[in-house]
Amino acid sequence: MATVVLVGTLDTKGAEYAWLAQRLRGHGVDVVTVDVGPLSDAAADVTAAEVARAAGADPAALRTAGDRGAAMETMAAGAARVVVDLHAAGRLDGVLAVGGSGGTSVAARAVQELPVGVPKLLVSTMASGDVAPYVGAVDVTLMYAVVDVAGTNSVSAQVLGNAAAAVAAMAREHAARRAAPATEHRPLVGLTMFGLTTPAVDEARAELERLGYEPLVFHATGAGGRTLEKLAGDGRFAGVLDLTTTELADDLVGGVLSAGPDRLTAAGARGVPQVVSLGALDMVNFGPRETVPAAFEGRRFVVHNPTVTLMRTTPAEMAELGRRIGARLAAARGPVTVFVPLRGLSGIDRDGGPFRDEEADAALFAALRAELAGSAVELVEVDAHLNDPGFGRRAAHRLHELIGATR
C-alpha cells in the first residue's frame, strides 16, 4: 500500500489533519503523521519531540527558550531528517502539508530534501505570491488554500479534498514505480543552456544522444542552475556538460538570475565528471529596462525582450569570475575539463556583436588560467566562438571520454 506522510503543526491544526488522514485512507493509502509544532504534545506517528531530537535539539529546552523563529527553524531541520529517513525506509510515497507561512516554510524545507519524482503537495495560504522559497529546486506542487486553514468549511473541504485525492493518486503511482522491476536507462547527463548559447548546446545534446546518453537540459535562469546542482548532488548524473555558466555573473554583480553562491560545486563535490565552458558570462540579467538599478547607469545594455535587459560584464568582473570558476573547479573530486572559446561567449559576444569586448574576455581567460595553474583541471583553449559548429560536439565527446575513464 502506498503511504502519504502528513507534515504539520498538529497542536494548532490537529482537526484539519485528522480530516485529511481520514480522506486519504478512504482513497486507499496509508498515512504517517509528522508533528512539527514546536510546543505540541499532540499524538502523532512521529511526535514533535521526536522531530526536535532529529534536529539534534532538546525538546524541553526548545520550549523554554521562547524563540519561535529559532524553534521553527529547528523543527524544519528535524522534519527534513524525518522525511528523508521515512523515504529511505520505503515508508513514504508522497508528502502532503497544509498551512500558512510558518507551516509551509517548515514543510517546504522538508520536501526539498526529497528526490525529484517523489510527490510533494503543499496547500498554502502563501501559494498565490512569490513561491520560490517553497519550491526550491525540486518538483513541489503548490495549491492555494483560498481560505485560511482554520477549521473545515464548505470551501476548505473542497480544496483539501482535492489535495487529498491528488496526493493519494500520485502516491499510488509512485509506489507502483517503486515496486516495478528495475529497467535499464541510458545514463543521464546534465546540460545548461541560454537562448544565446543554444547552437552549442543543441549540437552537444545531439552528440550525447548519439553516444548513448539521455541529456537533460536546464535553462540557466537561476532556478535551472539550482536544479542542476540539486540533481548532481543527489548523484543522478553520469556527467555534467556545463556550457552555460552565466548565473555566476548574476550572483557576482547582482542580476536577477543568480543560482546562488553554491553554483558549480555539487558535481565536483560528488566526483561527477564535468566539462565546463564560459557561456554567456559576458552578461548580467535584469528585468525590464526601467528596473535596472541606477547604480549601473552608463554601462552597456541590450534589451533582449520587453522583460529581459542584459548588461555587459566589465574586465574587473570577468577577472573575478575567472578566479571563482577556477577555484571551484580546482576543488572538484572528479575529472574536469574546461573549454575556453577564445572568439566569444554568446550570440552577442562575437565580432560585430553589441557585447563584443575582447579586453573583458581576455581578463576572464587570464584569471582562469592563473587560478587553474598547477591543478588537475584540463584547460582546452579553442580558437573559435562558443556557438561555432564543432564546439559543442567536441565538448560532448570529451565528457564521454571522462565518463568512460571513471567507470
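Please read these numbers as outputs of a predicted model, since none were measured by experiment.

Student: I tried to follow the sheet that holds strand S10 (residues 283-286) on my own but got confused; where do I start?
Tutor: Note on sheets: strands pair through backbone hydrogen bonds, and any given pair is parallel or antiparallel. Strand order in the open sheet formed by three strands is S10-S12-S11, with antiparallel pairing between adjacent strands. Of all the strands in the sheet, just S10 and strand S11 (301-305) have a single pairing partner and so form its edges. Taken over all neighbouring pairs, the strand axes of this sheet differ in orientation by 30° on average, direction set aside. Sheet topology places S11 next to strand S12 (residues 308-312); four bridges connect them, and they run antiparallel. Each residue of the ladder has a partner; that of Asn305, found in S12, is Val308.

Student: Help me understand the side chain of Arg356 in this model?
Tutor: In this structure, Arg356 sits in the loop between strand S13 (336-341) and helix H13 (358-372). Separated by 3.0 Å, the side chains of Arg356 and Asp361 make a polar contact. The contact partners of Arg356, leaving out residues within four places of it in the chain, are Arg300, Leu342, Arg343, Gly344, Ile348, Asp349, Arg350, Asp351 and Asp361.

Student: What exactly am I supposed to notice about the side chain of Thr244 here?
Tutor: Topologically, Thr244 is positioned in the loop between strand S8 (239-242) and helix H10 (247-253). At a separation of 2.9 Å, a polar atom in the side chain of Thr244 contacts the side chain of Thr197. What Thr244 contacts, discounting residues up to four positions off in sequence, is Thr192, Met193, Phe194, Thr197, Val201, Ala220, Arg263, Gly279 and Ala280.

Student: Looking at this model, I keep getting lost on the pattern of salt bridges. Mind explaining?
Tutor: Side chains bearing opposite charge may pair, as long as their charged atoms lie close to each other. Per the counting criterion, the structure on display carries 30 salt bridges. For Glu317, the salt bridge goes to Arg299, with nearest N and O atoms at 2.9 Å. Placement of the pair is Glu317 in helix H12 (residues 315-330) and Arg299 in the loop between S10 and S11, with a sequence separation of 18 residues. Looking at Glu317, the relative accessible area reads 15%, which means it is buried. Via salt bridges that share partners, Arg312, Asp349, Asp351, Arg356 and Asp361 belong to a single interconnected network.

Student: Teacher, can you tell me more about H13 here?
Tutor: Since one α-helical turn is 3.6 residues long, residues separated by three or four positions face the same way. Compared with an ideal rise of 1.5 Å per residue, which puts 15 residues at 21 Å, H13 spans 21 Å between its outermost C-alpha atoms and is within 8% of the ideal. If you check which residues of H13 are buried, you get Ala360, Asp361, Ala363, Leu364, Phe365, Ala367, Leu368 and Leu372. On its buried side, H13 packs onto S12, H12, S13 and strand S14 (378-382). At the N-terminal end of H13, a side-chain oxygen is found 3.2 Å from the backbone nitrogen of Glu359, two or three residues along, and the residue is Asp357. Backbone geometry just after H13 places Gly374 at a positive phi near 85°.

Student: I tried to follow the environment of Ala137 on my own but got confused; where do I start?
Tutor: Structurally, the position occupied by Ala137 is in the loop between helix H6 (132-135) and strand S5 (141-144). On the accessibility criterion, Ala137 (16% relative accessible area) is buried. Each C-alpha atom, one on Ala137 and one on Leu231, is 8.9 Å from the other, the two residues being 94 residues apart in sequence. If we skip the residues at most four places from it in the chain, Ala137 touches Arg226, Thr227 and Lys230.

Student: Looking at this structure, I do not really get the packing of helix H1 (residues 10-26) against helix H7 (residues 154-179). What am I missing?
Tutor: Each pair of packed helices can be described by the angle between their axes along with the distance between the axes. Interaxial distance between H1 and H7 falls to 9 Å at its minimum, and their mutual angle equals 45°. Here H7 runs oblique to H1, going by the angle between their axes. In the crossing of H1 with H7, the sense of the turn from one axis to the other is right-handed. Mapping the contact onto sequence places Trp19, Leu20, Arg23 and Leu24 in H1 and Ala157, Leu160, Gly161, Ala164, Val167 and Ala168 in H7. Broken down by class, the residue content of the contact of H1 with H7 amounts to eight nonpolar, one polar and one charged.

Student: Sorry if this is basic, but what is going on with helix H4 (residues 68-88) here?
Tutor: For H4, spanning 21 residues, the distance from its first C-alpha to its last is 30 Å, which sits close to the expected 30 Å at 1.5 Å a residue. Buried within H4 we find Ala71, Met72, Thr74, Met75, Ala76, Gly78, Ala79, Ala80, Val82, Val83 and Leu86. Capping the start of H4 is the job of one residue whose side-chain oxygen sits 3.2 Å from the backbone nitrogen of Gly69: Asp67. At the exit of H4 stands Gly90, carrying a positive phi of roughly 75°.

Student: Even after reading the chapter, I still don't get the sheet that holds strand S4 (residues 120-124), so can you show me in this structure?
Tutor: Strand order in the open sheet formed by five strands is S2-S1-S3-S4-S5, with parallel pairing between adjacent strands. Each edge of the open sheet carries a strand with a single partner, namely strand S2 (30-35) and S5. Sheet twist, expressed as the average angle between the axes of neighbouring strands with direction ignored, equals 20°. Pairing of S4 with S5 involves four bridges; the strand directions are parallel. By the bridge assignment for S5, Ser124 is matched with Tyr144. Sitting on the sheet, H4 is in contact with strand S1 (3-8) and S2, with an inclination near 155° to S2.

Student: Just checking my understanding: could you explain the environment of Arg323 for this structure?
Tutor: Along the chain, Arg323 turns up in helix H12. Of the residues examined, Arg323 reaches a relative accessible area of 38% and is grouped as partly exposed. Separated by 46 residues in sequence, Arg323 and Arg369 have C-alpha atoms that sit 8.8 Å apart. In this structure Arg323 touches Ala367 and Glu371, once residues within four positions along its chain are discounted.

What counts and what doesn't
Residues numbered from 1 in each chain as written. Predicted model: local features only at pLDDT ≥ 70, side-chain atom pairs only at ≥ 80, totals over all residues. Heavy atoms only, no water. Pairing = 2+ DSSP bridges. Helix = DSSP H or I, 4+ residues; strand = E, 2+ residues; numbered from the N terminus. Axes fitted to C-alpha atoms, helices over the stretch in contact; angles between N-to-C directions. Polar contact = N/O pair within 3.5 Å; in protein donor to acceptor, adjacent residues only side chain to side chain. Contact = heavy atoms within 4.5 Å. Salt bridge = Lys/Arg side-chain N within 4 Å of Asp/Glu carboxyl O. Buried < 20%, exposed > 50% of the residue type's maximum accessible area, 1.4 Å probe, protein only. Expected span 1.5 Å × (residues − 1). Parallel < 35°, antiparallel > 145°, perpendicular 65-115°, else oblique. Left-handed = near helix turned anticlockwise from the far one by under 90°. Nonpolar A, V, L, I, M, F, W, Y, C, P; charged D, E, K, R; others polar.

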